[in-house]
Amino acid sequence: ETGVTQTPRHLVMGMTNKKSLKCEQHLGHNAMYWYKQSAKKPLELMFVYSLEERVENNSVPSRFSPECPNSSHLFLHLHTLQPEDSALYLCASSQETSGGLNNEQFFGPGTRLTVL
Amino acid sequence: AQKVTQAQTEISVVEKEDVTLDCVYETRDTTYYLFWYKQPPSGELVFLIRRNSFDEQNEISGRYSWNFQKSTSSFNFTITASQVVDSAVYFCALTSPDTGGGNKLTFGTGTQLKVEL
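Just so we're clear, the structure is a prediction, and the values are computed from it rather than from any experiment.

With respect to the overall build of chain B
The helix and strand tally for chain B stands at zero helices and twelve strands. Reading chain B from its N end, one meets helices and strands in the order β-β-β-β-β-β-β-β-β-β-β-β. Considered along the principal axes of its C-alpha atoms, chain B spans approximately 45 × 30 × 20 Å. For chain B, the proportion of its 117 residues judged to be buried stands at 50%. Taking the average location of the 10 positive side-chain charges in chain B and that of its 14 negative ones, the two points are 4 Å from each other.

In structure tokens, the structure reads:
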């Protein structure tokens, strides 16, 4: 068990729906991340939060809206998605974001999202 | 720009065989960190190892071993006496303190390992 949980594990939504993905880490880490994993593509970093402040927004469309109310919780709010947004969305956490020591990221099981 | 190449898309072996997964990286930074992650069918990425650029010692952990060679910019991963439970996608990744904050990991495209009986 990695200490990072994600809900729901599977989500099917229409293009006009609004839904949210939830991530919770139980590791006492200071940083949390959202990644997108599409078939045949490398993992793509979407957002990084450090101590509840967004430090990276990797040119993600505005139909994805992150929220980090505290260092243990991270949300990804979804609205008016496109079928090409169907993917596995992974959450991760790490102790630091400095790119130095204690920077290994621990991942949750992901949410498999299908947009119809 | 940083880049990680995992040239092997898929490898199939028979149980108890040894298998090596290749990882070649590119970076201009002198300080950097390399990682291996395992992604079983359940989906989550499981952290296996981190290697610092200033530590070229190879590492062994049970049936797993890693060979870090700066001269060839490679960080290869060997599983000895493979088992069916080793079947997964394995990712190599790279980051450095100079990625502009945010601890950005650059991932390779992964190697699908299938271990059969």
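Observations concerning the overall build of chain A
For chain A, the helix and strand inventory stands at zero helices and eleven strands. Listing every helix and strand of chain A by position from the N terminus yields β-β-β-β-β-β-β-β-β-β-β. Each of the three principal axes of chain A carries a C-alpha extent, and together these read 40 × 30 × 30 Å. Across the 116 residues that make up chain A, the buried fraction comes to 50%.

Quick look at the state of the cysteines
In total, this model carries two disulfides over all chains according to the counting rule given. The disulfide bridge from Cys23 of chain A ends at Cys91 of chain A, spanning 1.9 Å between sulfur atoms. The sign of the S-S torsion, about -75 degrees, decides the handedness of the disulfide formed by Cys23 of chain A and Cys91 of chain A: left-handed. Remark: Cys91 of chain A occurs in strand E9 (residues 87–94) and Cys23 of chain A occurs in strand E3 (residues 18–25); sequence separation between them is 68 residues. With a relative accessible area of 0%, Cys23 of chain A lands in the buried category. Take Cys91 of chain A: its relative accessible area is 0%, and that puts it in the buried class. Each sulfur in the disulfide pair Cys23 of chain B and Cys92 of chain B lies 2.0 Å from the other. One disulfide, between Cys23 of chain B and Cys92 of chain B, carries an S-S torsion of -65 degrees and so falls in the left-handed class.

Conventions used here
- Residues numbered from 1 in each chain as written.
- Chains lettered and ligands numbered in written order.
- Predicted model: local features only at pLDDT ≥ 70, side-chain atom pairs only at ≥ 80, totals over all residues.
- Heavy atoms only, no water.
- Helix = DSSP H or I, 4+ residues; strand = E, 2+ residues; numbered from the N terminus.
- Buried < 20%, exposed > 50% of the residue type's maximum accessible area, 1.4 Å probe, protein only.
- Lys, Arg positive; Asp, Glu negative; His and termini not counted.
- Charge placed at Lys NZ, Arg CZ, Asp CG, Glu CD.
- Disulfide = S-S within 2.5 Å.

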